[in-house]
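# Reading the structure
Each chain is listed here by its residues.
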Amino acid sequence: MAMALHYVGGRLVLAGTRGSGTVGEDVTRNVLAIPGLPHRIDADRLEVRGEVYMPLSNFRKVQDEFANPRNLTAGTLKQKEGDRERLKLLAFAAWELVDEDFETDAERFARLDALGIPTVETRIVPRQGLEAAISEWSERRDELDMEIDGIVVRANRIAEHLRLGNTEHHPRWAVAFKFQGESGQTHVEDVLWSVSRNGTITPVALVSPITLSGATISRASLANLSRFEELGLRRGSLVEVTRRGGVIPYVERVLDEGDGPRFEPPDHCPSCGGPVERRRIREAEFLVCANPESCTVARMRDLEHFARVLDMKGFGPKTLERMMDAGLISTPEDFFRLRRADLAALERLGEKSAENLLSEVERNREIPLAKFLEALGLPHVGPKYARILAERFGTLEALRKARPEDLLAIEGISEIIANAVVEGLAERSERIDGLLRHVRVLPHRERKRSSDGPLAGKSFVFTGTLSRMTREEAQAAVRELGGETPSGVSRKLSYLVVGAEHRPSSKLRKAQALVEQGAPLQIVDEDTFYRLLDEARRAGS
Ligand SMILES: [Zn+2]
């Protein structure tokens, strides 16, 4: 946003937007809060012209309510009660200094530098190097921390300014070059609803990748709910996508609606599953999560859990946070929607690590049922119950059809767990369906039926620490031989194995009580357990 700053007696006394004629106390007070702009300079009377803008790195922190940095900058500057936090996100860059005489433009910019006033990036190039410089800048635009839609070429020598003079509207010694190739046509593949940290739910179109101004575009902003409803997108709609001012792609209009299914806004928060509200902010309606604080916490927990269970390396809390802030990830499904072009836009993420993240995602296009269940974050379902459920039901489809009583029939599954699993799966049905569009859940591999092995009909529970193997290894060995490893001590149990290192445990007390009541259960030490294993192995071979 163009701005003129007036310094009188060395002090910044007045700031006004140029063109629109907005001058006044509010704008001046707001401009004074912009970081990096000197309030006092070593000069008596000066007018500095330049641009107030929001660096893209700052815009990404607050972007959800605004279509682009320009709107946000204008809105922030003009507010009556200046929001100081938001003003701190703005920056100023000068491109003109009047009231002083110079031989060349280079001197003018050097003077601005000396006064401590930030300037736009400039470069002196010979006339014959002009074309190369313009195309170089055009290629660099994605790396800049501001949106630019072109560059201005000015004559360096002031004598040339005087010689060339002005037309009625603009000087002949300065020419603006607008970058080309900013819009293109593509198809809408999907719409995702990105939930920001403050709870705003923004629609984003996933489009068939196209190249605009040298960059590959695979997602485009739909701004807000009003805009989304106005566009009326369907799966497969042909749309025009524009890179507004260069960086943030935007769905401009629908060219051919097509006859695919129409996209609808979610009736609950895609991130936390909680209620959503429509909220009017200025001229547009937005969809917001009704409980943004618990939503963010829940989302981070879900995403971290999902990445950890599937051992997707590189998706640590910091990276996830940045992806959330960039609107790339709100639900586990979004992991599988990441594309190279999305990660390229993330700051401080090298090409190599982007590549690694994508291959971690690719590695998980096929997920064993037990892992999938664990990754869903169902209450009470850690690795152990996930495995039990996978073994028992074999496929995700079968488990999703199960009733609580079907689960209760499994040894070691309590009523609380049975209900939690059935309810948890129902609550997550949308999330599961979403994931199934991107991944294949592998059925649990057929195991030998337990009645086949030498330990068939025998069950083992462990307490304390085993000295020669981990508890998981011991349980696996038992199951390998056809035995069972229920989670708790019951009347039906065959053996309680007490590890070499143990403290009085509730399992041990319960087993002792059962033995006293005449249960056939045996309490054995570690060595006895290994002997039983050896005997079973010999019998089985
Ligand atoms: Zn939410």
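Structure: see above.
Since the structure is predicted, the reported quantities are computational estimates derived from the model, not experimental observations.

## Regarding the sheet that holds strand 4 (residues 91-98)
Pairing is antiparallel across the open sheet formed by four strands, whose spatial order is 2-1-3-4. The open sheet has two edge strands with one neighbour each: strand 2 (11-17) and strand 4. For this sheet, the mean inter-axis angle between neighbouring strands, taken without regard to orientation, is 30 degrees.

## Quick notes on the nonpolar core
Ranked by size, the top nonpolar core spans 51 residues in total, and within it Phe315, Met323, Phe335, Leu343, Phe372, Leu389 and Ile413 carry the most contacts. Elements that contribute at least two residues to this core include exactly helix 9 (292-309), helix 10 (317-325), helix 12 (351-363), helix 13 (369-375), helix 14 (383-393), helix 15 (396-401), helix 17 (415-427) and helix 18 (429-436). Ranked by residue count, the leading element in this core is helix 14, at six residues. Leaving out residues up to four positions away in the same chain, Phe372 has contacts with Ile367, Leu396, Ile432, Leu435, Val439 and Val441. In terms of nonpolar packing, the next biggest core, distinct from the first, is built from 32 residues, Leu12, Ala33, Val62 and Leu77 among them.

## Description of unusual backbone geometry
Located in the positive-phi region is Ala223, a residue other than glycine, with phi close to 65 degrees. Summarising the element assignment, Ala223 is placed in the loop between strand 9 (215-221) and helix 8 (225-231). The phi dihedral of His380 is positive, around 70 degrees, even though this residue is not glycine. Structurally, His380 can be placed in the loop between helix 13 and helix 14.

## Here's the deal with the pattern of salt bridges
Enumeration over the complete set of coordinates arrives at 37 salt bridges. The salt bridge involving Glu47 is made with Arg49; its shortest N-O contact spans 2.9 Å. Across the pair Arg157 and Glu160 runs a salt bridge whose closest N-O atoms are separated by 3.9 Å. We classify Glu160 as buried; its relative accessible area is 17%. Here the salt bridges share partners, and the residues they tie into one network are Asp190, Arg235, Glu333, Asp334, Arg337 and Arg437.

## Quick look at the packing of aromatic side chains
Tallied over the full model, the rule gives eight aromatic pairs. Measuring from ring centre to ring centre gives 4.8 Å for Trp193 and Phe228, while their planes differ by 70 degrees; the resulting arrangement is edge-to-face. In this pair, Trp193 is assigned in strand 7 (residues 183-195) and Phe228 in helix 8, connecting sequence segments 35 residues apart. Classification of Trp193 as buried rests on a relative accessible area of 10%.

## Regarding the coordination of the zinc ion
Reference values for angles at a metal are 109.5 degrees in the four-donor tetrahedral case and 90 or 180 degrees in the six-donor octahedral case. Only Cys269 (SG), Cys272 (SG), Cys289 (SG) and Cys295 (SG) from the protein reach the zinc ion as donors, at distances of 2.2 to 2.3 Å. Classification of the site at the zinc ion as tetrahedral follows from its four donor atoms and the range of 104 to 114 degrees in their angles at the metal. We note that the donor set of the zinc ion lies within a single chain, spaced as C-x2-C-x16-C-x5-C. Comparing Cys289 with Cys295 shows no difference in burial state: the two are buried.

## Considerations on the sheet that holds strand 16 (residues 460-463)
Hydrogen bonding along the main chain pairs the strands of a sheet, whether they run parallel or antiparallel. Taken in spatial order, the three strands of this open sheet run 16-17-18, and their pairing is parallel. In this open sheet, the two edge strands, each paired with only one partner strand, are strand 16 and strand 18 (522-525). Geometrically, the sheet is characterised by an average inter-axis angle of 25 degrees between neighbouring strands, direction not taken into account. Here four bridges tie strand 16 to strand 17 (residues 495-498), and the two strands are oriented parallel to one another. Looking at the pairing, Phe460 lines up with Tyr495 of strand 17.

Rules behind the numbers
Residues numbered from 1 in each chain as written. Predicted model: local features only at pLDDT ≥ 70, side-chain atom pairs only at ≥ 80, totals over all residues. Heavy atoms only, no water. Pairing = 2+ DSSP bridges. Helix = DSSP H or I, 4+ residues; strand = E, 2+ residues; numbered from the N terminus. Axes fitted to C-alpha atoms, helices over the stretch in contact; angles between N-to-C directions. Core = buried A, V, L, I, M, F, W, Y, C linked by side-chain atoms within 4.5 Å. Buried < 20%, exposed > 50% of the residue type's maximum accessible area, 1.4 Å probe, protein only. Contact = heavy atoms within 4.5 Å. Salt bridge = Lys/Arg side-chain N within 4 Å of Asp/Glu carboxyl O. Phe/Tyr/Trp six-rings, centres within 6.5 Å; stacked < 30°, edge-to-face > 60°. Donors = N, O, S within 2.8 Å, 3.2 Å for Na, K, Ca; no water. Tetrahedral: all angles 85-135°; square planar, octahedral: opposite > 155°, others 65-115°.

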